[in-house]
Amino acid sequence: MRNNLTRRLIKLESAIATKQDFSLTLEELCRRLWRANKEGFFKVSKLTSFSFFVAQFEREDAERKETDALRNRRAGMATDIAE
């Protein structure tokens, strides 16, 4: 069990190491966990106060999908006009 925890901590450390000072806010850490494994984050959030972030991250994902879809439609229209 200890080796498993050590491996997870090393993996987390490498993910965090993108910042020079190795510091993250709780929201930044939760967002990284969300992007890496939504299902796992859901399980953890049921046992912790991280559930606070679930609605926010779901809303951001929906907004991002909507923005991407609009951008793709506009790009398609521009291609049709150019032809």
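Only a predicted model underlies this, so the values are computations on that prediction, with no experimental measurement involved.

Caption draft 1: Inspection of the overall build of the protein chain at higher detail. When helices and strands are counted, the protein chain shows four helices and zero strands. Among the 83 residues that make up the protein chain, the fraction classed as buried is 14%. A sequence separation of at least 24 residues applies to 31% of the contacts in the protein chain between residues at least 6 apart. Here the protein chain has roughly 7,200 Å² of accessible surface; of this, 57% comes from carbon and sulfur atoms.

Caption draft 2: Seen up close, the side chain of Asp61. Tracing the backbone through its elements, the reader meets Asp61 in helix 4 (residues 51-82). Among the polar contacts listed, one links the side chain of Asp61 to the side chain of Arg64, at a separation of 3.0 Å. Apart from the residues lying within four places of it in its own chain, the contact partners of Asp61 are Trp34 and Lys38.

Caption draft 3: Representation of the nonpolar core within the structure. Counting seven residues, the largest nonpolar core consists of Cys30, Trp34, Phe41, Phe50, Phe53, Val54 and Phe57. Among the elements that take part in this core, helix 4 stands out by supplying three residues, more than any other. Among all residues touching Phe53, those that are not within four sequence positions of it are Leu26, Glu27, Cys30 and Phe41.

Conventions used here
Residues numbered from 1 in each chain as written. Predicted model: local features only at pLDDT ≥ 70, side-chain atom pairs only at ≥ 80, totals over all residues. Heavy atoms only, no water. Helix = DSSP H or I, 4+ residues; strand = E, 2+ residues; numbered from the N terminus. Buried < 20%, exposed > 50% of the residue type's maximum accessible area, 1.4 Å probe, protein only. Contact = heavy atoms within 4.5 Å. Areas by Shrake-Rupley, 256 points an atom, 1.4 Å probe, with all protein chains shown as cover. Polar contact = N/O pair within 3.5 Å; in protein donor to acceptor, adjacent residues only side chain to side chain. Core = buried A, V, L, I, M, F, W, Y, C linked by side-chain atoms within 4.5 Å.

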